[in-house]
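Close look at the chain arrangement
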Amino acid sequence: MAEPRISSSIDGKLAEEFAVPSHVEEVKEKMTAFAAFHAAAGRRVVLITSGGTKVPLESRTVRFLDNFSSGRRGAASAEYFMDSGYAVVFLHRHRSLYPYARMFLSMNMLDALQFRDLDGAPGSSGEVLVDQRVLPNIGRVLKRYHEVKEGKLLLPVEFSTLSEYLHLLKAAAQALSTIGAKAMFYLAAAVSDFYIPASEMPEHKIQSSNGPLQLSMKMVPKILSPLVKDWAPQAFVTSFKLETDASILLDKARRALDTYRHQAVVANVLDSRRGYVVVVTPDAQAELLLSEDDVKNEVEIEERIVANLTSAHDKFVSEQAG
Ligand code: 9Z3
């Protein structure tokens, strides 16, 4: 009997063990139309995943396991991709950092607003002014935000749980596969390796009166495999590899490339991720490092990562065409 293909067994597992979000078909249609619209205008499209996945421990969820990710890498990268002429599908964790808005989250918005009472009448809505000393660069950022909005360059899609992430990523991959090599995947989300299948999950809140909790979790199927082989076989795919032990990082990144045969792995260590990453490709390894001057000038490493990958994508597209 023929061996079942790994990727098709992942499709089956996805359908059986991970609840399908009710809006997945509607979102897939939107993403397909978005890709077609931008490809027709000569634009490339990148699907960015961003933020951490949540894995529930109970069906009526009180408790869950979370993966660490602020969403900054994904949100900042989205801005640089749009500056480089790409349209962006931004598949992100609900309430994680969002392009442009991310720059103003460290302050209380109310401190930047001043109220002027125009007529003194009780209940008057008066006039609200923005203090640009409290919100530096707000004018420049707002202008770009509205250009992006008018150009319909950004399509936000939200997930919270691992199940939502997996099904929406599959839908996105199939939607973007319609534009072939013009699509890029930039998988920066921090995705759980472990989960509890729906069939083994207790319905109600786990009771502490039953004593210490012992969890047994299954391995999450390696979604990169069907993405690269079946769902979007012509696209340019970049995954991220996160470790806390720098000594195993590059080896793991290279192994991921060998296993999935995609185009690039961005390798980073949790503590140094803002200033140093290595972009590993089948035949090269590029170290991207911010200098002290870069940091002083508020250069972000995402600008360098995006520059590196967009030029690799250029090459990839011309090789496919030629
Ligand atoms: C990353 O490595 C991202 O760079 C970070 C960004 C999550 C570290 P922030 O959102 O951080 O700016 O706070 N993402 C991938 C993490 C991941 O789960 N990778 C898996 C692995 O390393 C599978 S691809 O095994």
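Residues numbered from 1 in each chain as written. Predicted model: local features only at pLDDT ≥ 70, side-chain atom pairs only at ≥ 80, totals over all residues. Heavy atoms only, no water.

Next up on the list: the overall build of the protein chain. For the protein chain, the helix and strand inventory stands at nine helices and 14 strands. Over its C-alpha trace the protein chain gives a radius of gyration of 22 Å, about what one expects of a compact globule, namely 20 Å for 322 residues. Counting only C-alpha atoms, the protein chain reaches 85 × 65 × 40 Å along its principal axes. Across the 322 residues of the protein chain, 44% fall into the buried class. Looking at the protein chain as shown, the accessible area adds up to about 17,400 Å², and 52% of this sits on carbon and sulfur atoms. For the protein chain, the distance from the average site of its 37 positive side-chain charges to the average site of its 40 negative ones is 2 Å. (Helix = DSSP H or I, 4+ residues; strand = E, 2+ residues; numbered from the N terminus. Rg over C-alpha atoms; globule rule 2.2 N^0.38 Å. Buried < 20%, exposed > 50% of the residue type's maximum accessible area, 1.4 Å probe, protein only. Areas by Shrake-Rupley, 256 points an atom, 1.4 Å probe, with all protein chains shown as cover. Lys, Arg positive; Asp, Glu negative; His and termini not counted. Charge placed at Lys NZ, Arg CZ, Asp CG, Glu CD.)

Bringing the sheet that holds strand β1 (residues 45-50) into the picture now. Hydrogen bonds between backbone groups are what pair the strands of a sheet, and the pairing can be parallel or antiparallel. Pairing in this open sheet of eight strands is mixed, and the strands run β7-β4-β1-β8-β11-β12-β13-β14 from one edge to the other. Either end of the sheet is taken by a strand with one partner, and the two such strands are β7 (154-159) and β14 (284-289). Averaged over all pairs of adjacent strands, the angle between their axes in this sheet comes to 15°, without regard to strand direction. As defined by bridge partners, strand β12 (residues 264-269) adjoins strand β13 (residues 276-281) across three bridges and the pair is classed as antiparallel. Across the sheet, Ala267 pairs through a bridge with Val278, a residue of β13. (Pairing = 2+ DSSP bridges. Axes fitted to C-alpha atoms, helices over the stretch in contact; angles between N-to-C directions.)

With that settled, the discussion passes to the environment of Arg63. If you trace the backbone, Arg63 turns up in the loop between β2 (54-56) and β3 (64-66). Residues Arg63 and Ile206 lie 143 residues apart in sequence; the distance between their C-alpha atoms is 8.6 Å. Among residues more than four places away in sequence, those in contact with Arg63 are Pro56, Leu57, Glu58, Lys205 and Ile206. From its side chain, Arg63 meets the backbone oxygen of Ile206 in a polar contact 3.1 Å long. (Contact = heavy atoms within 4.5 Å. Polar contact = N/O pair within 3.5 Å; in protein donor to acceptor, adjacent residues only side chain to side chain.)

Taken together, Met109, Leu110, Leu113, Phe115, Val128 and Val130 make up a surface patch of nonpolar side chains, about 580 Å² in accessible area. Among the elements of the structure, β5 (113-116) and β6 (127-130) are those that each provide at least two residues to the nonpolar patch. Here Phe115 is to be found in strand β5. (Patch = residues over 30% accessible without salt bridge, like charges linked within 9 Å, V, L, I, M, F, W, Y side chains within 5 Å. Salt bridge = Lys/Arg side-chain N within 4 Å of Asp/Glu carboxyl O.)

Moving on, we get to the site of the ligand. Around the ligand lies a shell of 16 residues, among which Ser69, Ser70, Gly71, Lys241 and Asn268 are the nearest. In this structure, an oxygen atom belonging to the ligand sits 2.8 Å away from a side-chain N or O atom of Lys241. The side chain of Arg273 places a nitrogen or oxygen atom 3.2 Å from an oxygen atom of the ligand. Across the complex, the protein chains shield 88% of the 610 Å² of accessible surface that the ligand would expose by itself. (Near = heavy atom within 4 Å.)

Turning our attention to the UniProt feature "domain: DNA/pantothenate metabolism flavoprotein C-terminal" (unreviewed entry) in the protein chain. The residues that UniProt annotates with the feature "domain: DNA/pantothenate metabolism flavoprotein C-terminal" (unreviewed entry) are residues 44-93 and 175-273. The span residues 44-93 shows a helical share of 24% and a strand share of 38%, and its end C-alpha atoms are spaced 23 Å apart. End C-alpha atoms of residues 175-273 are separated by 31 Å, and the span's content is 25% helix alongside 23% strand. (UniProt positions renumbered as here; feature names shortened; annotations may be inferred.)

With that settled, consider unusual backbone geometry. In the Ramachandran plot, Arg95 falls in the positive-phi region, its phi being about 70° despite a non-glycine side chain. Although it is not a glycine, Asn137 adopts a positive phi angle of roughly 70°. If you trace the backbone, Asn137 turns up in the loop between β6 and α4 (138-150). Note on Asn137: relative accessible area 44%, which makes it partly exposed.

Glancing now at the nonpolar core. Counting 53 residues, the largest nonpolar core has Met31, Leu47, Val89, Leu176 and Phe185 as the members making the most contacts within it. Here this core gets ten residues from one element, more than from any other, and that element is helix α5 (residues 162-176). Apart from the residues lying within four places of it in its own chain, the contact partners of Phe185 are Leu47, Ala172, Ala173, Leu176, Leu227, Ala232, Ala235, Phe236, Val237 and Thr238. Phe81, Ala188, Val277 and Phe316 belong to the second-largest nonpolar core, a separate cluster that totals 39 residues. (Core = buried A, V, L, I, M, F, W, Y, C linked by side-chain atoms within 4.5 Å.)

So, about the pattern of salt bridges. In the structure shown here, the tally under the stated rule is 21 salt bridges. Salt-bridge contacts for Arg44 lead to Asp314; the nearest nitrogen and oxygen are separated by 2.6 Å. Residue Arg44 is located in the loop between α2 (24-40) and β1, and its partner Asp314 is located in helix α9 (residues 301-321); the two are separated by 270 residues in the primary sequence. A relative accessible area of 41% places Asp314 in the partly exposed class. Because the salt bridges share partners, they merge into one network encompassing Arg72, Glu79, Arg102 and Glu300.

Here the focus is the packing of helix α3 (residues 72-83) against α9. The geometry of a pair of packed helices is captured by two quantities: the angle between their axes and the separation between those axes. One can describe the packing of α3 onto α9 by two numbers: an axis separation of 9 Å at closest approach and a directional angle of 55°. One way to sum up the angle between α3 and α9 is to call them oblique. For the element pair α3 and α9, the recorded crossing hand is right-handed. Residues Arg73, Ala76, Ser77, Tyr80 and Phe81 of α3 form the contact with α9, whose participating residues are Ile301, Glu302, Glu303, Ile305, Val306 and Thr310. In terms of residue class, the contact of α3 with α9 is built from six nonpolar, two polar and three charged. (Parallel < 35°, antiparallel > 145°, perpendicular 65-115°, else oblique. Left-handed = near helix turned anticlockwise from the far one by under 90°. Nonpolar A, V, L, I, M, F, W, Y, C, P; charged D, E, K, R; others polar.)

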